[in-house]
Amino acid sequence: MFTGKTKNIGIIGYPIEHSLSPAMQNAAIKKIGIDYSYIAMPVNPYQLKQAILGLKVLGFKGFNVTIPHKINIIPLLDEIDDHAKMIGAVNTVVIQQGKMIGYNTDSVGFITALEKNNFTVHGKHAILLGAGGAALAVIWGLITSGITSLTIGVRNVNKAKPLITKFENYIKINVLDWSDKSFHLALKSCDLLINATPLGMAPYIEQTPPVEWELITKKTFVCDLIYNPISTKFLNLAKENGNHIMNGEGMLVEQGAAAFKLWTGLPASTEVMQDKLNFCRNIEGF
Ligand code: NAP
C-alpha cells in the first residue's frame, strides 16, 4: 500500500510508454518489501529543467534517465560521478540532501551481464559495432575491466573518430569503416563482438550489421545490446555460426539493479527483475 511515507523514484524519457523499467523496478521493490514506488514520467525535451527541479521539490529519492535526456541532463545536475563524466551520459540520478547527482549504470550493467555469462574481459580483444551513446558506456566498461584492444566498426568513420582522442590514453583503439578490408581482418582475431547499433531492433527485425560470419571463429563471444526482439537476426546468425551469444536483457536488468542499489542502498533481486521481463514479453504492448 502506498502512503504519505512512500518514497518515490521513477524514470524520465520521451516517449516513455514502452519502458520496461517500472515493471522491473517495482518487482524488485515488492520482493524486498521496502516502501518505495517507481513510476514512468514523460518529459518533453523543452521542459527537462522544470521537470527535474519539480522532482526535487516533490521529494523524489532519484530517477532513471532515458532517451532523449541522457546527455542534455548533465549541465542541469549538481554533481556528476567520474564514470558518467567519462562516458558523457547519465542514466541514473540520486537526490540527496537537496543535491542531484548523476551516474551511469549502463556501463557496469553491461560488464556484470558479461561476467554472469562467464566471459572475462581482462586481456581480450573486442570489436564494437556502432559509436552512439550505448557504445560509449560499453567502451568505458571494457576499458575499466582491462580490455587489451578495441576496434570500433561504423558506417561513418569521420563521425566516430573523436572516440580515438577521447579514449586513446586508456586503450589501443581503432575506428574503421565496417566495409573495409582492414575491418574484416580484425574480425578474424576478436574475442568479443558487440552490436551497439539499433540494426535489428523491432520493428526492423530483418536488419543486421554487415558482418562476414565465415571470418569469425567459434571462440568469439557475440553480444547484442538489443533486447526487443529477444534474439536479433545478428544473434541468430552468430548462433548458426557456432558462437556463444548474449542479448541485451542482461544489461537492462543489471543497469537497473545498480540504479536500485544507488537509491535504496540494497541489492535488487535480478532473478525477480528477469522474471518480470519474461512476463512482460508475453503481454501485448511491451
Ligand atoms: P544511437 O546513439 O542512436 O547510436 C547508434 C549507433 O548505431 C551510431 O553509431 C549510429 O551511426 C549507428 N546506426 C544507427 N542506425 C544505423 C543504420 N541504419 N546503419 C548503420 N549504423 C547505424 O543509439 P544508442 O542509444 O547507442 O543505442 C544503440 C542500441 O543499444 C539500441 O538498439 C538500444 O536499444 C540499445 N541499448 C540497450 C541497452 C540495454 O540496457 N540493453 C541500453 C542502451 C541502449 P551514425 O552515427 O552514423 O548514425
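Quick look at the structure, then. Please read these numbers as outputs of a predicted model, since none were measured by experiment. (Residues numbered from 1 in each chain as written. Predicted model: local features only at pLDDT ≥ 70, side-chain atom pairs only at ≥ 80, totals over all residues. Heavy atoms only, no water.)

1. Observations regarding the sheet that holds strand E1 (residues 7-13)
Right, on to step 1. Across the sheet, 6 strands lie side by side as E2-E1-E3-E5-E6-E4; this open sheet has mixed pairing. Single-partner strands in this sheet number two, and they are strand E2 (36-42) and strand E4 (79-80).
Right, on to step 2. Inspection of the sheet shows E1 paired to strand E3 (residues 62-65) by 4 bridges, in the parallel sense. Across the sheet, Ile 11 pairs through a bridge with Asn 64, a residue of E3. (Pairing = 2+ DSSP bridges. Helix = DSSP H or I, 4+ residues; strand = E, 2+ residues; numbered from the N terminus.)

2. Re the environment of Ile 80
Right, on to step 1. For Ile 80, the position within the fold is in strand E4.
Right, on to step 2. Considering only alpha carbons, one finds Ile 80 and Leu 237, 157 residues apart in sequence, at a separation of 39 Å.
Right, on to step 3. Discounting chain neighbours no more than four positions away, the residues touching Ile 80 are Ile 74, Lys 85, Val 90 and Gly 102. (Contact = heavy atoms within 4.5 Å.)

3. Quick word on the packing of aromatic side chains
Right, on to step 1. One pass over the structure, following the stated rule, counts 5 aromatic pairs.
Right, on to step 2. Between the aromatic rings of Phe 119 and Phe 221, the centroid separation amounts to 5.3 Å while the plane-to-plane angle is 20 degrees, which identifies the pairing as stacked. Within this pair, whereas Phe 119 is found in the loop between helix H4 (106-116) and strand E7 (125-129), its partner Phe 221 is found in strand E11 (residues 221-224), the two being separated by 102 residues in sequence.
Right, on to step 3. The class for Phe 221 is buried, based on a relative accessible area of 7%.
Right, on to step 4. Each residue in the set Trp 140, Phe 167 and Tyr 170 is aromatic and connected to the rest through ring pairs, giving one cluster.
Right, on to step 5. Between Lys 124 and the ring centre of Phe 119, over which it is positioned, the NZ or CZ distance is 5.0 Å. (Phe/Tyr/Trp six-rings, centres within 6.5 Å; stacked < 30°, edge-to-face > 60°. Buried < 20%, exposed > 50% of the residue type's maximum accessible area, 1.4 Å probe, protein only. Lys NZ or Arg CZ within 6 Å of the ring centre and 35° of its normal.)

4. Quick notes on the nonpolar core
Right, on to step 1. Core analysis: the biggest nonpolar cluster contains 39 residues, and Phe 110, Leu 114, Leu 142, Phe 167, Leu 192 and Ile 194 have the highest contact counts within it.
Right, on to step 2. Among the elements that take part in this core, helix H5 (residues 133-144) stands out by supplying 8 residues, more than any other.
Right, on to step 3. Beyond its immediate chain neighbours, meaning those up to four positions away, Leu 142 contacts Phe 110, Ile 111, Leu 114, Val 121, Ala 126, Ile 147, Leu 150, Leu 192 and Ile 194.
Right, on to step 4. Residues Ile 11, Ala 28, Tyr 36 and Leu 277 belong to the second largest nonpolar core, which totals 21 residues. (Core = buried A, V, L, I, M, F, W, Y, C linked by side-chain atoms within 4.5 Å.)

5. What about the pattern of salt bridges?
Pairing of side chains with opposite charge becomes possible as their charged atoms draw close.
Right, on to step 1. For the coordinates displayed, the defined rule picks out 7 salt bridges.
Right, on to step 2. The salt bridge partner of Asp 106 is Lys 70, with a shortest N-O separation of 2.9 Å. With a gap of 36 residues between them, Asp 106 in helix H4 and Lys 70 in the loop between E3 and E4 connect regions that are remote in the sequence.
Right, on to step 3. For Asp 106, a relative accessible area of 9% translates into the label buried.
Right, on to step 4. A relative accessible area of 24% places Lys 70 in the partly exposed class. (Salt bridge = Lys/Arg side-chain N within 4 Å of Asp/Glu carboxyl O.)

6. Observations regarding the site of the ligand
Right, on to step 1. Neighbouring the ligand are 19 residues; Ala 131, Ala 134, Arg 155, Lys 159 and Gly 248 lie closest to it.
Right, on to step 2. A distance of 2.8 Å separates an oxygen atom of the ligand from a polar side-chain atom of Arg 155.
Right, on to step 3. Listed by contribution, the elements that provide at least two residues to the shell around the ligand are H5 and helix H10 (249-264).
Right, on to step 4. Here the residues of the shell around the ligand are counted per class, giving 12 nonpolar, 5 polar and 2 charged. (Near = heavy atom within 4 Å. Polar contact = N/O pair within 3.5 Å; in protein donor to acceptor, adjacent residues only side chain to side chain. Nonpolar A, V, L, I, M, F, W, Y, C, P; charged D, E, K, R; others polar.)

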